Amino acid sequence: LVGFMGTGKTTVGRAVAHRIGFKCVDSDHEIERRAGRPVAEIFAKDGEAAFRALERRFVEEGHAPDRLVVACGGGLVVQPGMLERLATKGVVVCLHASIETILARTARHSRSRPLLNVEDPDARARALYAEREPIYRSAGTVILTDSRKMSEIAAHVVRVWRRESEEFARRSAAGGS
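Presented here is a report on the structure given in the accompanying data block. Quick caveat: nothing in here was measured; it's all calculated off a predicted structure. (Residues numbered from 1 in each chain as written. Predicted model: local features only at pLDDT ≥ 70, side-chain atom pairs only at ≥ 80, totals over all residues. Heavy atoms only, no water.)

1. So, the side chain of Lys9
At step 1: Along the polypeptide, Lys9 turns up in helix α1 (residues 9-20).
At step 2: Buried charged residue Lys9 carries no salt bridge. Nearest counter-charge: Asp28, at 7.2 Å.
At step 3: A distance of 3.0 Å separates the side chain of Lys9 from the backbone oxygen of Gly3, its partner in a polar contact.
At step 4: Looking at Lys9, its side chain comes within polar contact range of the main-chain oxygen of Phe4, at 3.0 Å.
At step 5: Apart from residues no more than four positions distant in its own chain, Lys9 is found in contact with Leu1, Val2, Gly3, Phe4, Ala71, Cys72, Gly73, Gly74 and Leu95. (Helix = DSSP H or I, 4+ residues; strand = E, 2+ residues; numbered from the N terminus. Buried < 20%, exposed > 50% of the residue type's maximum accessible area, 1.4 Å probe, protein only. Lys, Arg positive; Asp, Glu negative; His and termini not counted. Salt bridge = Lys/Arg side-chain N within 4 Å of Asp/Glu carboxyl O. Polar contact = N/O pair within 3.5 Å; in protein donor to acceptor, adjacent residues only side chain to side chain. Contact = heavy atoms within 4.5 Å.)

2. Observations concerning the packing of helix α6 (residues 99-106) against helix α7 (residues 121-137)
At step 1: Contact pair α6 / α7: the axes reach a minimum separation of 10 Å and the direction vectors enclose 135°. The angle between α6 and α7 places the two elements in the oblique class. Handedness of the crossing formed by α6 with α7: right-handed. Taking contact as the criterion, the partners of Ile99, Glu100, Ile102 and Leu103 in α6 are, on α7, Asp122, Ala125, Arg126 and Tyr129. (Axes fitted to C-alpha atoms, helices over the stretch in contact; angles between N-to-C directions. Parallel < 35°, antiparallel > 145°, perpendicular 65-115°, else oblique. Left-handed = near helix turned anticlockwise from the far one by under 90°.)

3. Examining the packing of aromatic side chains
At step 1: A full pass over the atoms with the stated rule returns four aromatic pairs.
At step 2: Ring geometry for Phe4 and Tyr129: centres 5.5 Å apart, planes at 85°, overall edge-to-face. On the criterion of sequence distance, the pair formed by Phe4 in the segment before α1 and Tyr129 in helix α7 is long-range, its members being 125 residues apart.
At step 3: With centroids separated by 5.1 Å and ring planes inclined at 40°, the aromatic side chains of Phe43 and Phe51 adopt a geometry described as tilted. The two residues Phe43 and Phe51 agree in class, both being buried.
At step 4: Here the aromatic cluster, defined as three or more aromatic residues joined through ring pairs, consists of Phe4, Tyr129 and Tyr136. (Phe/Tyr/Trp six-rings, centres within 6.5 Å; stacked < 30°, edge-to-face > 60°.)

4. A few points about α7
At step 1: The terminal C-alpha atoms of α7, which comprises 17 residues, lie 23 Å apart, in line with the 24 Å expected from a rise of 1.5 Å per residue.
At step 2: At Glu131, α7 shows its largest kink, close to 40°, and the proline Pro134 lies no more than four residues downstream.
At step 3: Considered for burial, the residues of α7 that qualify are Pro121, Ala125, Leu128, Tyr129, Arg132 and Tyr136. (Expected span 1.5 Å × (residues − 1). Bend = angle between axes of the 7 residues up to and from the residue.)

5. Topic: the pattern of salt bridges
At step 1: Across all of its chains, the model carries 11 salt bridges by this definition.
At step 2: When the shortest N-O distance is used, the salt bridge between Asp46 and Arg37 registers 2.2 Å.
At step 3: Within this structure, Glu30, Arg33 and Arg34 form a network of salt bridges that share partners.

6. Considering the packing of helix α2 (residues 27-35) against helix α4 (residues 48-61)
At step 1: Where α2 contacts α4, the two axes come as close as 10 Å, and the packing angle between them is 105°. Viewed along their axes, α2 and α4 adopt a mutual orientation that is roughly perpendicular. Side by side, α2 and α4 meet where Ser27, Asp28, Glu30, Ile31 and Arg34 of the first sit next to Phe51, Leu54, Glu55 and Phe58 of the second.
At step 2: Taken together, the residues of the contact of α2 with α4 sort by class into four nonpolar, one polar and four charged. (Nonpolar A, V, L, I, M, F, W, Y, C, P; charged D, E, K, R; others polar.)

As structure tokens, this is what we get:
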């Protein structure tokens, strides 16, 4: 699952994994666990580039190859080549929400989100959203999460996964993507 911060990737990922009997992993949480420190600290001490390198390593070698739902950090998919790499790993589904919904969902936690830990988090979120939205919209099937029940979103993701996993399996068996 990919998408901007606050679109529900982790929550939806857990619900989807439960429905289909998979495990769910959040890339940010896994990176924190392995680094032994929070994402905010990695950003503050090592910089964004170092964190992005940890994300890339996570995608390449940081999780089981199958029976796994991965909730990717919001910036993971916008790195050059990452969307294509993710598409070789499994079905990519993008969760999307309006900027108003995202601002409401992230307002309580902006200090724990390194990219929003600035003087004007709303302006920063709007700028990032405008910059990243075209990439997210090209990242697999897009599912809107505004004003929808979690169960409805999870069911939609499962339907997309079932449909697209067959095509993914055919491409993988043929040796191409």
